[in-house]
Amino acid sequence: MSETEVQPRAYRRPVSTWWWLEKRSYFVFAMRELSSVFVAWFVVFLLMLTYAVGRGDDQYQSFLDWAATPWVVVLNLVTLVFVVLHMVTWFNLTPQATVVRLRGQRVPAWAIIASQYVGLAVVSAFVIWLVTR
Amino acid sequence: MTKRRVEPILWLLFSAGGVLAAVFLPVLVVLFGLAFPLGWVTPPSHDHLHAVLGHPLTALFLFGLFALCLAHWAHRFRYTLYDGLQLKGSKGLITVLCYGGAVLGSVVSAVVLATVV
Amino acid sequence: MADSIRLQVSRYRPEEGSAPTLQEYDVPLRKEWSVLDGLNYVKDHLDSTLSYRWSCRMGICGSCGMSVNGTPELTCGTFLADLAPGPVRVEPMRNFPVVRDLVVDIGDFMDKLPRVKPWIIRDDEPEPDGEYLQTPEELDEYKQFSMCINCMLCYSACPVYGLDPDFIGPAAIALAERYDLDSRDRGARERLDVLIEHEGVWGCTFVGECTTVCPKHVDPAGAIQRYKLKAAKESVKAFLLPRGAR
Ligand code: SF4
Ligand code: FES
């Protein structure tokens, strides 16, 4: 700090480790960030699936059995909740982070959000078609 | 001339991973995490899944998906650890663990995906 | 409606050296009274030792920001009736050193603002004869970001600034964007060189609270993310193109 020295006895309020519990919006933020852990978990899960498929039908069947055990199911349910949280928050923040222009006109926020959901629908339909064909 | 910095690149990887995770993971979690194991939908046969995964395009795409999702995780989780838990003191260690984990995970992904192609 | 409301006001007296304490005052509850009016009542009728800042009473000067029930607010624009039955906790803005009672040290903010070069920068081209011309569309580009009244509520809401005071912070970055988007300005590169540093935009994790609390709808959070994108584009160019060819 230059000319404006802090008073010697100015009081600094310490930041609590639990600052993200102090407000609803901070908590939602913390959960949004935590979703990344579940994103990583599901990558690991898909890798295990891929590995099992590569090793043959028996391994694939026992992977499916393992994936049906209660704790894995619960974990994947929680994962779904966090992945959806990630999706919704990500889509909602996109128009704030980017300015999209079409023929010189700024595309309104709702249109950016809506087009992402259209993208999601197309991708989901394609994935479902590809694996269940 | 802009100085070369890693932060912008890490942020780009984080963002790319964020988009892919938002668009692709929900359907994958529903299908492979819940619907197939619990039998809501008949799981694909081994042959079919092997054929899909074994297609070079699928494998290449999945590699990109996995690597970027892990980069997304590394970037977010690093901030979560040192803002959320205020572990600023071990900044170096956290950085190494997070990004190192993502790099390691990407290598593992490449190896595993190579086994089905 | 009850005819009075309780204020719990944070008092800090540096000469006593102990942590701030809450002092309670009952003030009249009138429909048109803001929290600031309540504080003025305390000062005029109950306790003249209370220190706080204010000036315009109409949301323009940006000096009356405080933490009201834990949320950063302009106290001249926050009404007691909306907070009834109370009590209403009035504290100094978070994330700044407290000088006395509700007065915070704004030195850090004042040091940061000029770092983003918030003025119109021109190349060496000759001055125009009259004024620089600008169309209404060009004005609209940056208008939103020029509405900032430097109230610092966004800094007070930002957990990243609270944890790392080196972070240059929301209003300063929004101000940089205000000049970058101005059709008369050529200084984007100079500002980017400041904001691309670690203390520039990269500390931000897009909590978004700065935008939520901003009384002028400046949207600093949006400005920061756009800066990240700008910085990323430039960096990719710098990586791909040979030195100097940019
Ligand atoms: S950006 Fe908004 S909250 Fe921040 S100082 Fe300016 S007016 Fe206040
Ligand atoms: S007194 Fe000026 S903004 Fe509140």
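What you are looking at is a predicted structure, and each value in this text was computed from that prediction instead of being measured. (Residues numbered from 1 in each chain as written. Chains lettered and ligands numbered in written order. Predicted model: local features only at pLDDT ≥ 70, side-chain atom pairs only at ≥ 80, totals over all residues. Heavy atoms only, no water.)

Q: Please explain the overall build of chain C as it appears in this structure.
A: A count of helical and extended segments in chain C gives 11 helices and seven strands. Judged by the C-alpha coordinates and their principal axes, chain C covers about 70 × 40 × 30 Å. The burial tally for chain C puts 52% of its 246 residues in the buried class. In chain C, the share of contacts with a sequence separation of at least 24, taken over all contacts with a separation of at least 6, comes to 64%. (Helix = DSSP H or I, 4+ residues; strand = E, 2+ residues; numbered from the N terminus. Buried < 20%, exposed > 50% of the residue type's maximum accessible area, 1.4 Å probe, protein only. Contact = heavy atoms within 4.5 Å.)

Q: Teacher, can you tell me more about the site of ligand 1 here?
A: Surrounding ligand 1, one finds C148, I149, N150, C151, M152, L153, C154, A171, C214, P215, V218 and P220 of chain C. Among the residues forming the shell around ligand 1, the class breakdown is 11 nonpolar, one polar and no charged. (Near = heavy atom within 4 Å. Nonpolar A, V, L, I, M, F, W, Y, C, P; charged D, E, K, R; others polar.)

Q: Hey, could you run me through the sheet that holds strand β5 (residues 88-91) of chain C in this one?
A: Sheet strands pair via backbone hydrogen bonds, and the direction of the pair is either parallel or antiparallel. Residues and elements named next belong to chain C. The mixed open sheet is built from five strands, whose spatial order is β2-β1-β5-β3-β4. The open sheet terminates on both sides in strands that have one partner only, identified here as β2 (21-28) and β4 (71-74). With direction set aside, neighbouring strand axes in the sheet form an average angle of 35°. Bridge count between strand β1 (residues 4-11) and β2: eight bridges; the pairing is antiparallel. Within β2, the residue paired with S10 across the bridge is L22. In the packing of helix α1 (residues 35-46) onto the sheet, contacts are made with β1, β2, β3 (65-68) and β5, and the angle to β2 comes to roughly 95°. (Pairing = 2+ DSSP bridges. Axes fitted to C-alpha atoms, helices over the stretch in contact; angles between N-to-C directions.)

Q: Would you explain helix α2 (residues 57-67) of chain A in this entry?
A: Helical geometry: 3.6 residues make up each α-helical turn, so side chains three or four residues apart lie on a common side. What α2 of chain A keeps buried is the set Y60, F63, L64 and A67 of chain A. Seen end-on, α2 of chain A carries its buried residues on one side only, within an arc spanning 100°. Those residues of α2 of chain A that are exposed and angled more than 90 degrees off the buried face are D58 and D65 of chain A. Contacts made by the buried residues of α2 of chain A are with α1 (24-54) and α3 (70-97) of chain A together with α2 (46-54) of chain B. (Arc of directions from axis to C-beta.)

Q: I tried to follow the interface of chain A and chain B on my own but got confused; where do I start?
A: When the parts of a complex come together, some accessible area is lost, and that lost area is often taken as the interface size. Between chain A and chain B, the contact holds 48 residues from the first and 46 residues from the second. Summing both sides of the interface, chain A and chain B together bury roughly 4400 Å²; the carbon and sulfur share of this comes to 79%. On the chain A side of the interface with chain B, the three residues burying the most area are L47, W90 and V131 of chain A, jointly 14% of the side's total. At 17 residues, α1 of chain A tops the list of elements feeding residues into the side of chain A that touches chain B. Among the residues forming the side of chain A that touches chain B, the class breakdown is 31 nonpolar, 13 polar and four charged. (Buried area = accessible area lost by both parts, 1.4 Å probe.)

Q: Explain the pairing of β4 of chain C here, please?
A: In regular strands, side chains alternate between the two faces of the sheet. Residue and element names in this part refer to chain C. Side chains of β4 alternate between two faces, with P72 and L74 buried and T71 and E73 left unburied. Pairing geometry for β3 and β4, over four bridges, is antiparallel. When the bridges of β4 are listed, G65 appears paired with L74. Counting the residues in the hairpin turn of β3 and β4 gives two residues, including N69, whose phi is positive at 50°.

Q: What is the right way to read the pairing of β5 of chain C from this model?
A: Residue and element names in this part refer to chain C. Direction of pairing for β1 relative to β5: parallel, over a ladder of three bridges. By the bridge assignment, L7 is partnered in β5 with V88. As judged from the two bridges shared by β3 and β5, these two strands associate in the antiparallel manner. The partner of S67 across the bridge, within β5, is E91.

Q: Would you take a moment to explain the packing of aromatic side chains for this structure?
A: The relative placement of two aromatic rings is captured by the distance of their centres and the angle of their planes. As enumerated under the stated definition, the model contains 23 aromatic pairs over all chains in all. Taking 4.9 Å as the distance between ring centres and 90° as the angle between the ring planes, the aromatic pair formed by F91 of chain A and Y117 of chain A counts as edge-to-face. Here Y117 of chain A lies in helix α4 (residues 109-132) and F91 of chain A lies in helix α3, a separation of 26 residues in the sequence. Aromatic pair F96 of chain C and Y161 of chain C: ring centres 5.7 Å apart, planes at 50°, arrangement tilted. Pair noted here: F96 of chain C is in the loop between β5 and β6 (98-100) and Y161 of chain C is in helix α6 (residues 159-163), with a separation of 65 residues, a long-range link. Y161 of chain C shares its class with F96 of chain C; the two are buried. Members of the aromatic cluster, joined through ring pairs, are W41, F42, F45, F63, W66 and W71 of chain A. When the ring centre of W129 of chain A is taken as origin, the NZ or CZ atom of R133 of chain A, which lies over that ring, is 4.8 Å away. Stacked on the ring of W33 of chain C, the Lys or Arg R30 of chain C has its end atom at 4.7 Å from the ring centre. (Phe/Tyr/Trp six-rings, centres within 6.5 Å; stacked < 30°, edge-to-face > 60°. Lys NZ or Arg CZ within 6 Å of the ring centre and 35° of its normal.)

Q: Help me understand the confidence of the model for chain B in this model?
A: Low pLDDT marks regions whose predicted coordinates should not be analysed in detail. In the predicted model, chain B carries a mean pLDDT of 90, and 94% of its residues have values of at least 70. Of all helices and strands in chain B, the one with the weakest mean pLDDT is helix α4 (residues 91-116) of chain B (91), whereas helix α1 (residues 7-35) of chain B scores best (94). (pLDDT = per-residue confidence, 0-100.)

Q: Just to check I follow, could you spell out the domain arrangement of chain C for this structure?
A: All names here are of chain C. On domain assignment, one finds that chain C holds domain 1 (4-104) and domain 2 (107-240). Using only C-alpha atoms to locate each centre, domain 1 and domain 2 end up separated by 30 Å. Each side of the interface is counted separately: domain 1 has 14 residues, and domain 2 has 14 residues. Both faces combined, the contact of domain 1 with domain 2 buries some 1100 Å², and carbon together with sulfur accounts for 67% of it. It is P72, N95 and F96 that lose the most area in domain 1 upon contact with domain 2, and together they represent 48% of the buried surface on that side. Between domain 1 and domain 2 we count zero salt bridges in total. Our enumeration of links across domain 1 and domain 2 arrives at five residue pairs in polar contact (both at pLDDT 80 or more). Only β3 and β4 provide two or more residues apiece to the side of domain 1 that touches domain 2. (Domains from an automatic or database assignment. Salt bridge = Lys/Arg side-chain N within 4 Å of Asp/Glu carboxyl O. Polar contact = N/O pair within 3.5 Å; in protein donor to acceptor, adjacent residues only side chain to side chain.)

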